[in-house]
Amino acid sequence: QVQLVESGGGLVQTGGSLRLSCAASGRTSSAYVVGWFRQAPGKEREFVAAINWSGGNTVYAGSVKGRFTISRDNTKNTRYLQMNSLKPEDTAVYYCAAYYSSSYYINPEASYDYWGQGTQVTVSS
């Protein structure tokens, strides 16, 4: 299995930027998809973005498309979420998650098997 640890959250003003990191350990030699999710207080967890093993395929939620960029560095077993033009509605706990797959295709209905502990992102108005 793979263990995930997020970092990089914090407090930022509207319009600012943050970069979240998701460091993986454990069985990282097998291909896996990494997704970012977020959960705001009183709301359900929602999908933000995902990237396949090769990095050749990425998907984004409509609310973040054009502002957020997911990327990966397989040599460091780390995935990143670059967040630009942040808005107060982006405030949430951000989680990275993973499931094993070597497919180019990212299944939008996939069940993610491994989760990090989350990192808080707060955007002030």
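Residues numbered from 1 in each chain as written. Predicted model: local features only at pLDDT ≥ 70, side-chain atom pairs only at ≥ 80, totals over all residues. Heavy atoms only, no water.

Participant: Which residues make up the packing of aromatic side chains, and what values do they have?
Facilitator: For any pair of aromatic rings, the description rests on two quantities: the centre-to-centre distance and the angle between the ring planes. Using the criterion set out here, one finds 8 aromatic pairs in the structure. Measuring from ring centre to ring centre gives 5.7 Å for Tyr 100 and Tyr 114, while their planes differ by 75°; the resulting arrangement is edge-to-face. Of this pair, Tyr 100 sits in strand 9 (residues 92-100) while Tyr 114 sits in strand 10 (residues 114-115), and the two are 14 residues apart along the sequence. Assessed through its relative accessible area of 23%, Tyr 100 is described here as partly exposed. An aromatic cluster is present here, built from Phe 37, Phe 47, Tyr 99, Tyr 112 and Trp 115 joined pairwise through their rings. For the cation-ring pair, Arg 27 lies above Tyr 100, with the distance from its terminal atom to the ring centre recorded as 3.9 Å. We note Arg 45 situated over the ring of Trp 115; from NZ or CZ to the ring centre the distance is 4.0 Å. (Phe/Tyr/Trp six-rings, centres within 6.5 Å; stacked < 30°, edge-to-face > 60°. Helix = DSSP H or I, 4+ residues; strand = E, 2+ residues; numbered from the N terminus. Buried < 20%, exposed > 50% of the residue type's maximum accessible area, 1.4 Å probe, protein only. Lys NZ or Arg CZ within 6 Å of the ring centre and 35° of its normal.)

Participant: Describe the nonpolar core, with residues and values.
Facilitator: Generally speaking, nonpolar side chains in soluble globular proteins are found buried as a group. Among the nonpolar cores identified, the biggest contains 28 residues, and Leu 4, Trp 36, Val 48, Phe 68, Leu 81, Met 83 and Tyr 94 are the most heavily contacted of them. At the level of elements, strand 1 (2-7), strand 3 (18-26), strand 4 (32-39), strand 5 (46-51), strand 7 (68-73), strand 8 (78-83), strand 9 and strand 11 (119-124) are the ones that each hand at least two residues to this core. When neighbours within four sequence positions are excluded, Val 48 is seen to be in contact with Trp 36, Phe 37, Arg 38, Val 59, Tyr 60, Ala 61, Val 64, Phe 68, Leu 81 and Tyr 94. With 8 residues, the next largest nonpolar core counts Val 33, Ala 50, Ala 97 and Tyr 112 among its residues. (Core = buried A, V, L, I, M, F, W, Y, C linked by side-chain atoms within 4.5 Å. Contact = heavy atoms within 4.5 Å.)

Participant: Account for the sheet that holds strand 7, naming residues and giving values.
Facilitator: Taken in spatial order, the 4 strands line up as 1-3-8-7 in an open sheet, and their pairing is antiparallel. The sheet is open, and its two edges are formed by strand 1 and strand 7, each paired on a single side. When the angles between neighbouring strand axes are averaged without regard to direction, this sheet yields 20°. Direction of pairing for strand 7 relative to strand 8: antiparallel, over a ladder of 6 bridges. Directly across from Asp 73, in strand 8, lies its bridge partner Thr 78. (Pairing = 2+ DSSP bridges. Axes fitted to C-alpha atoms, helices over the stretch in contact; angles between N-to-C directions.)

The values are spatial; any link to function lies outside them.
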